[in-house]
Number of protein chains: 2
Amino acid sequence: MPSPVEFYFDFSSPYGYIGSEKIDALAAKYSREVTWRPIMLGVVFKTTGSAPLPSIPLKGPYSARDIARTTKFHGIEYRPPSIFPISTVSPCRAFYWLDTRDAKRTKGLARALYRAYFVENVDISEAENTIAVCEKFGLKANEIRAALADQTIKDRLRSEIDKAIALGVFGSPYIIIDGEPFWGSDRLDQIDRWLQTGGW
Amino acid sequence: MPSPVEFYFDFSSPYGYIGSEKIDALAAKYSREVTWRPIMLGVVFKTTGSAPLPSIPLKGPYSARDIARTTKFHGIEYRPPSIFPISTVSPCRAFYWLDTRDAKRTKGLARALYRAYFVENVDISEAENTIAVCEKFGLKANEIRAALADQTIKDRLRSEIDKAIALGVFGSPYIIIDGEPFWGSDRLDQIDRWLQTGGW
């Protein structure tokens with residue numbers, strides 16, 4: 001059985017959100033599983049010297065337009081959040097906590113968090129908002145609240161980000177297939193052909 | 001008659017090269033002309049605070065792989081140049097000189113310069129190499145040599161770059177269709193749909 005496709009993303013990344021809506025169906029066409037791994041790009045940017053899109057002259061205004069157009073192109077629901085970008089430490093910790101308890105539900109939770117932020121304009125950087133999304137998803141609020149302050153979960157998140165940086169992950173989404181890296185939701189067409197042909 | 005598609009590119013940009021091999025055929029499907037405008041990204045980067053790809057940690061090594069894979073994906077001939085990136089002042093001046101003499105041949109010259117650099121590994125930052133490519137293309141070496149030092153041509157290039165920055169151009173290729181900007185060779189699919197539907 002082939003190894004899973006590795007899907008790295010940041011909960012504050014619109015292109016990561018686009019990728020999250022597409023990657024599993026794409027991989028399933030070729031009978032491949034997908035492993036989701038949220039990371040925090042702010043930490044990665046300390047290595048690359050990069051910066052959040054909205055802060056970059058010319059590129060920032062362009063990206064707002066490009067995100068709106070690209071979501072429409074893919075038929076994905078999207079409303080620009082009032083606050084962007086945000087810190088994603090709370091949603092990341094909730095994700096990795098659930099990964100230790102009921103790993104099969106992590107993708108569902110990640111989708112709920114992404115849609116809260118990019119469709120319902122919920123600021124998931126606020127711990128209580130992340131907890132509310134988790135509760136609506138069927139998890140217990142007090143368990144999530146404890147998880148967000150749990151040192152084991154903090155260490156797990158830090159370790160996942162370190163592993164991602166060691167693999168060369170510098171953006172979102174960043175997808176690795178049998179060692180081959182693909183950056184950006186605009187590489188879905190190449191991923192499709194790569195999965196079909198096993199490289200070219 | 002609809003206005004031409006505006007195609008901005010840097011002669012040192014592999015993604016610009018990819019765009020140059022595709023844009024005219026794509027526009028022609030919808031009976032649209034394309035105006036080509038070489039610019040110098042190094043000047044633009046002073047505004048955006050960006051840097052050439054190879055100098056960026058993680059992103060640099062990734063981009064080398066991505067360029068090789070993306071050219072194969074599109075079936076475009078490509079050999080990584082020994083020196084990359086380069087200054088493109090000479091090819092740009094040769095282009096704008098020809099634009100004042102025989103504008104219909106500028107695209108042919110641009111393609112010859114791009115292929116010299118990205119297929120034949122000719123360092124077109126060297127004035128004499130650009131002159132040699134122009135000569136092979138059928139232009140007179142002494143005329144090009146004079147053009148490269150001509151103040152009118154220098155001013156024209158500077159003015160084209162200033163106009164591009166004023167329009168928001170920050171990368172290569174950068175394509176504007178009826179005011180709508182598209183950055184990157186990975187937006188060709190969106191350009192196709194945009195030309196077909198007139199926006200969506």
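Keep in mind that this is a model prediction, so the values were computed, not measured. (Residues numbered from 1 in each chain as written. Chains lettered and ligands numbered in written order. Predicted model: local features only at pLDDT ≥ 70, side-chain atom pairs only at ≥ 80, totals over all residues. Heavy atoms only, no water.)

### Some thoughts on the relation of the copies chain B and chain A
Each copy superposes on the other: chain B lies on chain A with an RMSD of 0.0 Å after a rotation of 180 degrees and an axial shift of 0.0 Å. The superposition of one copy onto the other is thereby described by a two-fold rotation axis. Scanning chain B for the C-alpha nearest the rotation axis identifies D186(B), at a separation of 3.1 Å. Interface residue correspondence from chain B to chain A reaches 100%, placing this contact among same-surface, isologous pairings. (Least-squares fit on C-alpha atoms with pLDDT ≥ 70 in both. Contact = heavy atoms within 4.5 Å.)

### Overview of the sheet that holds strand 4 (residues 180–183) of chain B
Residues and elements named next belong to chain B. Read from one edge of the open sheet, 4 strands run 2-1-3-4, paired in mixed fashion. Strand pairing shows two members of the sheet lacking a second neighbour, strand 2 (34–38) and strand 4, which therefore form its edges. Across the sheet, the mean angle from the axis of one strand to that of its neighbour is 20 degrees, orientation sign disregarded. Pairing analysis gives 4 bridges linking strand 3 (residues 174–177) to strand 4, with the strands arranged antiparallel. For I176, the partnering residue across the bridge sits in strand 4 and is P181. (Pairing = 2+ DSSP bridges. Helix = DSSP H or I, 4+ residues; strand = E, 2+ residues; numbered from the N terminus. Axes fitted to C-alpha atoms, helices over the stretch in contact; angles between N-to-C directions.)

### Here we look at the packing of helix 6 (residues 127–136) of chain B against helix 7 (residues 141–148) of chain B
All names here are of chain B. Following both chains from N to C, one finds helix 6 and helix 7 inclined at 140 degrees, their axes separated by 9 Å at the closest point. The angle between helix 6 and helix 7 places the two elements in the oblique class. Between helix 6 and helix 7 lies a crossing whose hand is right-handed. Every residue of helix 7 that contacts helix 6 at A127, E128, I131, C134 and E135 is listed here: A141, I144, R145 and L148. (Parallel < 35°, antiparallel > 145°, perpendicular 65-115°, else oblique. Left-handed = near helix turned anticlockwise from the far one by under 90°.)

### Remarks on the interface of chain B and chain A
With 31 residues of chain B at the interface, the matching set in chain A holds 31 residues. The junction of chain B with chain A conceals about 3,100 Å² of combined surface from both sides, 56% of it contributed by carbon and sulfur atoms. Taken together, chain B and chain A are joined by 8 salt bridges. R187(A) is the salt-bridge partner of D66(B), the closest N and O atoms lying 2.8 Å from each other. (Buried area = accessible area lost by both parts, 1.4 Å probe. Salt bridge = Lys/Arg side-chain N within 4 Å of Asp/Glu carboxyl O.)

### Quick word on the environment of G138(B)
Residue and element names in this part refer to chain B. Of note, G138 is situated in the loop between helix 6 and helix 7. Judged by relative accessible area, which is 51%, G138 ranks as exposed. Here the alpha-carbon distance between G138 and R65, two residues 73 residues apart in the chain, equals 35 Å. (Buried < 20%, exposed > 50% of the residue type's maximum accessible area, 1.4 Å probe, protein only.)

### Some points on the environment of A149(B)
The residue A149(B) is located in the loop between helix 7 and helix 8 (151–167) in this model. Separated by 18 residues in the primary sequence, A149(B) and L167(B) place their C-alpha atoms 27 Å from one another.

### Structural notes on the packing of helix 1 (residues 14–28) of chain B against helix 9 (residues 188–197) of chain B
All names here are of chain B. Contact geometry of helix 1 with helix 9 gives a least axis separation of 10 Å together with a crossing angle of 20 degrees. Classified by the angle their axes make, helix 1 and helix 9 are roughly parallel. Remark: the crossing between helix 1 and helix 9 carries right-handed chirality. When helix 1 is examined against helix 9, the residues K22, I23, L26 and A27 are found in contact with a partner set consisting of L188, I191, D192 and L195.

### Some details on the pairing of strand 1 (residues 5–9) of chain A
Two faces, one strand: in a regular strand the side chains alternate between the faces of the sheet. Residue and element names in this part refer to chain A. With 4 of 5 residues buried, strand 1 is to be regarded as a mostly interior element. In this sheet, strand 2 (residues 34–38) lies alongside strand 1 in parallel orientation, the contact comprising 5 bridges. By the bridge assignment for strand 2, F7 is matched with W36. Regarding the hand of the β-α-β motif, the stretch spanning strand 1, helix 1 (residues 14–28) and strand 2 is right-handed. Relative to strand 3 (residues 174–177), strand 1 runs antiparallel, the two being bridged by 3 bridges. If you follow E6 over to strand 3, its bridge partner there is I176. (Right-handed = clockwise from strand over helix to strand, strands pointing away.)

### Structural notes on the packing of aromatic side chains
All names here are of chain A. Counted by the stated rule, this structure contains 38 aromatic pairs over all chains. Ring geometry for F9 and F11: centres 5.2 Å apart, planes at 85 degrees, overall edge-to-face. We note that F9, like F11, is buried. Ring plane angle 40 degrees and centroid distance 5.6 Å describe the contact between F9 and Y114, whose orientation is recorded as tilted. Of the two residues, F9 sits in strand 1 while Y114 sits in helix 5 (residues 106–118), which places them 105 residues apart along the sequence. In this pair, the class of F9 matches that of Y114, namely buried. (Phe/Tyr/Trp six-rings, centres within 6.5 Å; stacked < 30°, edge-to-face > 60°.)

### Section: the sheet that holds strand 1 of chain A
Strand order across the open sheet formed by 4 strands is 2-1-3-4 (chain A), with mixed pairing between neighbours. Every interior strand has two partners, whereas the edge strands, strand 2 and strand 4 (180–183) of chain A, have only one. Going across the sheet, the axis of each strand differs from the next one's by a mean of 20 degrees, ignoring polarity. The sheet strands contacting helix 5 of chain A are strand 1 and strand 2 of chain A, and the helix crosses strand 2 of chain A at an angle near 50 degrees. Of the strands in this sheet, strand 3 and strand 4 of chain A touch helix 3 (residues 59–74) of chain B, which is tilted by about 95 degrees from strand 4 of chain A.

In short, the description is geometric, and any link to function would need to be established separately.
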